[in-house]
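Listed below are the residues making up each chain.
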Amino acid sequence: MSTSTQTISRPPPREHWSSGLAFILAAAGSAVGLGNIWKFPYITGMNGGGWFVLIYLIAVLCVALPIMVAEILIGRTAQRSPVAAFRVLDGDKSAWQGIGWLGVAAAFVILSYYSVVAGWTLHYSWLALSQGFEGLDGPAVKALFGQVHADPGINLFWHAVFMILTVSIVVAGVHRGVERWSRILMPLLFFMVLALVLRAAGTDGFGRALDFVFGAHSDRLTPAGVLEAVGHSFFTLSLGMGAMLTYGSYMRAREDVVTTSLAVGGLDTLISLLACLMIFPIIFGAGLEPSAGPGLVFISLPIAFGQLPGGALWALVFFVLLAVAALTSAISLLEVAVSHTVDVHGWKRRRATLLIGAVIFVVGVPSALSGGTALFGGDVAAATAVLFGEGKGKNWLDLFDYLASNWMLPLGGFGMALFVAWRMGGAAREQAFKAGSRFARLYWGWVWLLRYVVPAGVLAVFLHAIGLI
Ligand code: PHE
């Protein structure tokens, strides 16, 4: 007879990635998303490039990567999803499992609106395929954007399509679902990114774009920009809500956490930089502004594609790329919730995936509808600003994003860093870090970052989010 506590301490055999590379592809799939291809270019554009990029890179190294190692390490050690993991490591009554619950809640919150925005990328792919953007001038593209967002039918339809795609991958399990599709979609993603960068390299705007992204333009960098860089390093690496923890729980104990974290962080950063190099040359080439803000991808870029020879095809490649990037991130969000109900409540994966997928679809309906007139009626900037936390308290999509990006993720990451740095036994921590690692000598540096630098960095983001600094 098994009680629920025993279910946690003695669960059915856990699925594992078939190799370290499989983990890297899946985790990079989670990390690389709308945050890289849409948000990073536009915040770089708004913060003047150069110095902002440098500070972002420092934030990735000193704040985000130490947290990523901590998260994956918790998952790999406990071999469980967030809530169950804290129970295994700290006892059934541990208060730390609150961090796990927060992560599961964040999965529902984030995926519900992420899917709506991912739906737009599907719709834009369809538009590129069926009519292209050729011949459309600025006002026409803006009108098209407004029209799409004012139509609840379109938003609901693509939200449903995207959730069905996500569910059908996750339902097949870690091995035949997540791993298999990461192996197919991630190379496809890299290929599309390279093709677009090469295409952009052939345009007149490329030199200007290089200078913009890598040149020193300190004049536009503000303290708020620095905090934005830290906050973004967090979101873009899928940290703070247990996505990396859950993927880490499918890792075997002998797999090296540090090397894999560096690989995932490196790939994610590479894609963000390449995204800039494929978007800005085309933007500059068409004589448009890099600092257009959130509308960069949904408005400026279609206008620019409309002027490019073969633009319809490149627009199609670009929006399919965005959809693929969003899909591999969405899979990881759904997996957190599914893995949780399987580990803690003993549900079967199939039932868990279908039910949770349906619930998230429903939770996303208000976001899909707020894609209609209420929020977006012609206000293009507001319409696109909502995804990553610029606006506050206007509508569902807006509110959900604000809650997740500014509160849940920083709080979760903060908690996980504190747990590993101060609560977890030193011997267990050291052994887990060093197991199979080529980077064992980084141990004390990592602990030091986790103890002092990470909490300070996250706290700063946090205080900024509530307007105190
Ligand atoms: N990292 C993803 C992106 O850049 C978003 C994400 C956040 C995915 C948290 C999973 C968990 O778009």
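Here we summarise the structure given alongside this text. (Residues numbered from 1 in each chain as written. Predicted model: local features only at pLDDT ≥ 70, side-chain atom pairs only at ≥ 80, totals over all residues. Heavy atoms only, no water.)

## Quick word on helix α14 (residues 295-307)
For α14, spanning 13 residues, the distance from its first C-alpha to its last is 18 Å, which sits close to the expected 18 Å at 1.5 Å a residue. At Leu-301, α14 is bent by approximately 35 degrees, the largest bend along its length, and proline Pro-302 sits one to four residues beyond. Counting buried residues along α14, twelve of its 13 residues qualify, which places the element largely inside the surrounding structure. Listing the buried residues of α14 in full gives Gly-295, Leu-296, Val-297, Phe-298, Ile-299, Ser-300, Leu-301, Pro-302, Ile-303, Ala-304, Phe-305 and Gly-306. (Helix = DSSP H or I, 4+ residues; strand = E, 2+ residues; numbered from the N terminus. Expected span 1.5 Å × (residues − 1). Bend = angle between axes of the 7 residues up to and from the residue. Buried < 20%, exposed > 50% of the residue type's maximum accessible area, 1.4 Å probe, protein only.)

## So, the pattern of salt bridges
Considering all chains together, one arrives at five salt bridges under this definition. Of the charged contacts in the structure, one is a salt bridge between Glu-179 and Arg-183, with a shortest N-O distance of 3.1 Å. Taken together, the positions of Glu-179 and Arg-183, both in helix α9 (residues 173-201) and four residues apart, correspond to about one turn of that helix. Arg-183 sits in the partly exposed class, given a relative accessible area of 35%. Where Glu-335 meets Arg-349, a salt bridge forms, and the shortest distance between an N and an O atom there is 2.8 Å. Taken together, the residues span a long stretch of sequence, with Glu-335 in helix α15 (residues 311-345) and Arg-349 in helix α16 (residues 349-369) at a distance of 14 residues. Owing to a relative accessible area of 18%, Arg-349 belongs among the buried residues under this scheme. (Salt bridge = Lys/Arg side-chain N within 4 Å of Asp/Glu carboxyl O.)

## Observations concerning the packing of helix α7 (residues 138-149) against α14
Helix-helix packing: each pair is described by the crossing angle between the helix axes and the interaxial distance. The contact between α7 and α14 brings their axes to 9 Å, and the two run at 140 degrees. With respect to each other, α7 and α14 are oriented oblique. Like other packed secondary-structure pairs, α7 and α14 cross with a definite hand, here right-handed. Of the residues in α14, those in contact with Gly-138, Val-141, Lys-142 and Phe-145 of α7 are Phe-298, Ile-299, Pro-302 and Ile-303. (Axes fitted to C-alpha atoms, helices over the stretch in contact; angles between N-to-C directions. Parallel < 35°, antiparallel > 145°, perpendicular 65-115°, else oblique. Left-handed = near helix turned anticlockwise from the far one by under 90°. Contact = heavy atoms within 4.5 Å.)

## Here we look at a nonpolar patch on the surface
A surface patch of nonpolar side chains, amounting to about 270 Å² of accessible area, comprises Trp-51, Leu-54 and Ile-58. Looking at the element boundaries, Ile-58 is found in helix α4 (residues 51-78). (Patch = residues over 30% accessible without salt bridge, like charges linked within 9 Å, V, L, I, M, F, W, Y side chains within 5 Å. Areas by Shrake-Rupley, 256 points an atom, 1.4 Å probe, with all protein chains shown as cover.)

## Some details on helix α5 (residues 82-90)
Here α5 lies mainly inside the structure; seven of its nine residues are buried. Pro-82, Val-83, Ala-84, Ala-85, Phe-86, Arg-87 and Asp-90 are the residues of α5 that are buried. Gly-91 lies just past α5 and shows a positive phi near 95 degrees.

That is the geometry; function is a separate question.
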